[in-house]
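Geometric and topological summary
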Amino acid sequence: MPKLQGFEFWSRTLRGARHVVAPMVDQSELAWRLLSRRHGAQLCYTPMLHAQVFVRDANYRKENLYCEVCPEDRPLIVQFCANDPEVFVQAALLAQDYCDAIDLNLGCPQMIAKRGHYGAFLQDEWDLLQRMILLAHEKLSVPVTCKIRVFPEIDKTVRYAQMLEKAGCQLLTVHGRTKEQKGPLSGAASWEHIKAVRKAVAIPVFANGNIQCLQDVERCLRDTGVQGVMSAEGNLHNPALFEGRSPAVWELAEEYLDIVREHPCPLSYVRAHLFKLWHHTLQVYQQLREELAKVKTLEGIAAVSQELKLRCQEEISRQEGAKPTGDLPFHWICQPYIRPGPREGSKERAGARSKRALEEEECGTEVLSKNKQKKQLRNPHKTFDPSLKPKYAKCDQCGNPKGNRCVFSLCRGCCKKRASKETADCPGHGLLFKTKLEKSLAWKEAQPGLQEPQPAAPGTPGGFSEVMGSALA
């Protein structure tokens, strides 16, 4: 059967999908994809997979794709990050029998992508991207797609999209933010960029960004003319987003945990999902937030979720007939999380000090970071008071702590180099170069019949074996 392309691929293979769950590292695993499909998602992506690791590590392939095969989990697109055409195609060939398309990640803006030279940090290397897409298009039996971020300029973004289309990309997902727009600097996604791309290419386009509810989905489809809308953070906080519902959090939490029992995944994934689902409620019940962070089993996580459910139901019963109070009167329903903007751009926060500074003012110097709190849980006697830390004398050469009994006043590494060079001893570091040499010489002197082998002179018979023979005679 010939490989379907463009709109034919979207309408037949992807079944005209309009509601799409984004690729999310450690978050769009099989259990979450199945939950999302039950509540209106029509197409899902795997988490981003590292092409080079996928090629060399059979266990990585097994854990992240091969063991997650499920008939209900289709249509499915596998996403890879890569920066080498051959490696990308090798990984895609190993994955193509388990999915409906292969996606190249050109949108990840995180620091790990910058260090690894992939994702959005390839968007200026058009020659490389052309070669990657072209080779994949030629070699694969399934279509190749791309997920990109925009440039600040609309016309450059359009040219970028057209270049990918010409190279062989059969579907394009456009995240309407630049690679600099991330975290507190995210801001709003530009649907104008997405609309311009959609008008300029002849392949299906998905929009990504600014999607918090079903009304956003419908408005995006109408305003941009795209074929589908992708959701990431909105889906994590409300998997029923594409149904247009905001159910009680415990309804979806319990359903997700049931799916995880059938299709297990790492506990860290489950914990992260429960933190997202219960995000607003955990602002109210901080103690349970700490318990959710500490539990080590799936049943422990389920127990914390059940306790949150009971607390919410008690709160609901108390509020019956009364006017809701507080900043989050209905925190127990699935609802979007609005990411706060940068401090410098907020008038409300002008002149405000950091949260850490305020905490230290209220509680003194006893406030510890979450990381240090975890270390203290593992070792209750551990202290982080700088005044109580032991003071180490520094090595004269490199600045590392020196050995207290080192004869050279150096660290072990520098001491070893010097002792070897000078054939000296350092009992403090257990280095005995001089002593071992003396013992070796004394042993040789105690063996009167043992002579050092002498090389034979040029042209003389015998050589080493003859000399040794005469020495042993």
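A few points on the structure. (Residues numbered from 1 in each chain as written. Predicted model: local features only at pLDDT ≥ 70, side-chain atom pairs only at ≥ 80, totals over all residues. Heavy atoms only, no water.)

This part takes up the pattern of salt bridges. This structure, assessed with the given rule, holds 17 salt bridges. Between arginine 245 and glutamate 243 there is a salt bridge, with its nearest N and O atoms 3.1 Å apart. For glutamate 243, a relative accessible area of 33% puts it in the partly exposed group. Two residues, glutamate 251 and arginine 245, come together in a salt bridge whose shortest N-O distance is 3.4 Å. (Salt bridge = Lys/Arg side-chain N within 4 Å of Asp/Glu carboxyl O. Buried < 20%, exposed > 50% of the residue type's maximum accessible area, 1.4 Å probe, protein only.)

The N-to-C vectors of helix H13 (residues 267–277) and helix H15 (residues 286–294) enclose an angle of 165°; their axes lie 10 Å apart at closest approach. The pairing of H13 with H15 is recorded here as roughly antiparallel in orientation. For the element pair H13 and H15, the recorded crossing hand is left-handed. Of H15, the residues touching H13 (which contributes Arg271, Leu274 and Phe275) are Arg289, Leu292, Ala293 and Lys294. (Axes fitted to C-alpha atoms, helices over the stretch in contact; angles between N-to-C directions. Helix = DSSP H or I, 4+ residues; strand = E, 2+ residues; numbered from the N terminus. Parallel < 35°, antiparallel > 145°, perpendicular 65-115°, else oblique. Left-handed = near helix turned anticlockwise from the far one by under 90°. Contact = heavy atoms within 4.5 Å.)

What follows concerns a positive patch on the surface. A cluster of basic residues, Lys296, Lys370, Lys372, Lys374, Lys375, Arg378 and Lys382, forms a positive patch at the surface. In this structure, lysine 370 sits in helix H18 (residues 370–378). Lysine 370 gets classed as exposed once you look at its relative accessible area, which sits at 60%. (Patch = residues over 30% accessible without salt bridge, like charges linked within 9 Å, V, L, I, M, F, W, Y side chains within 5 Å. Areas by Shrake-Rupley, 256 points an atom, 1.4 Å probe, with all protein chains shown as cover. Lys, Arg positive; Asp, Glu negative; His and termini not counted. Charge placed at Lys NZ, Arg CZ, Asp CG, Glu CD.)

Note that arginine 74 resides in the loop between helix H4 (58–64) and strand S4 (76–81). Through-space distance from the C-alpha of arginine 74 to that of cysteine 44 is 7.7 Å; in sequence the pair is 30 residues apart. The residues touching arginine 74, leaving out its near neighbours within four places in the chain, are Arg15, Arg37, Tyr98, Cys99 and Asp100. One polar contact links the side chain of arginine 74 to the main-chain carbonyl oxygen of cysteine 99, over a distance of 3.2 Å. (Polar contact = N/O pair within 3.5 Å; in protein donor to acceptor, adjacent residues only side chain to side chain.)

What follows deals with the packing of aromatic side chains. Per the counting criterion, the structure on display carries nine aromatic pairs. Between phenylalanine 54 and tyrosine 60, the aromatic rings sit 6.3 Å apart at their centres with planes inclined by 80°, giving edge-to-face as the arrangement. For phenylalanine 54, a relative accessible area of 0% puts it in the buried group. Relative to tyrosine 98, the ring of tyrosine 66 has its centre 4.5 Å away and its plane inclined at 25°; by these criteria the two rings are stacked. Taken together, the residues tyrosine 66 in the loop between H4 and S4 and tyrosine 98 in the loop between helix H5 (85–95) and strand S5 (101–106) connect sequence positions 32 residues apart. Taking relative accessible area as the criterion, tyrosine 66 reaches 24% and is therefore assigned partly exposed. For tyrosine 98, a relative accessible area of 29% translates into the label partly exposed. (Phe/Tyr/Trp six-rings, centres within 6.5 Å; stacked < 30°, edge-to-face > 60°.)

Another aspect to go through is unusual backbone geometry. Going from arginine 74 to proline 75, the amide bond is cis rather than trans, its omega being 0°. Relative to the assigned elements, proline 75 resides in the loop between H4 and S4. Positive phi, normally seen in glycine, also occurs at arginine 15, with a value near 55°. Turning to its location among the elements, arginine 15 is positioned in the loop between helix H1 (6–13) and strand S1 (19–21). Relative accessible area serves as the criterion here: at 58%, arginine 15 is assigned to the exposed category. You will see that serine 409, though not glycine, has its phi angle at about 60°, which is positive.

Counting buried positions along S5 gives six out of six residues, so the element sits mostly inside the fold. The alternating pattern of S5 places Ala101, Asp103 and Asn105 and Ile102, Leu104 and Leu106 on opposite faces, both of which are buried. With four bridges joining them, S4 and S5 adopt parallel strand pairing. When the bridges of S5 are listed, isoleucine 77 appears paired with alanine 101. In this fold, the crossover linking S4 to S5 by way of H5 has right-handed handedness. Bridge count for S5 against strand S6 (residues 144–149) is five bridges, and the pairing is parallel. Looking at the pairing, aspartate 103 lines up with threonine 145 of S6. (Pairing = 2+ DSSP bridges. Right-handed = clockwise from strand over helix to strand, strands pointing away.)

Once that is clear, we can look at the environment of glycine 234. Residue placement: glycine 234 occurs in helix H11 (residues 233–237). Relative accessible area serves as the criterion here: at 5%, glycine 234 is assigned to the buried category. Glycine 234 has contacts with Ile211, Gln212 and Leu241, leaving out every residue within four places of it along the chain.

Time to look at the environment of leucine 134. Assignment of secondary structure puts leucine 134 in helix H7 (residues 126–139). With 35 residues separating them along the chain, leucine 134 and cysteine 169 place their C-alpha atoms 8.2 Å apart.

Next up on the list: the packing of helix H8 (residues 154–167) against helix H9 (residues 191–200). Where H8 contacts H9, the two axes come as close as 9 Å, and the packing angle between them is 40°. The orientation of H8 with respect to H9, classified from their angle, is oblique. Considering only the axes of H8 and H9, their crossing is right-handed. Touching Ile154, Thr157, Val158, Ala161, Gln162 and Glu165 of H8 are Glu192, His193, Ala196, Val197 and Ala200, all from H9. Here the contact of H8 with H9 is composed, by residue class, of six nonpolar, three polar and two charged. (Nonpolar A, V, L, I, M, F, W, Y, C, P; charged D, E, K, R; others polar.)

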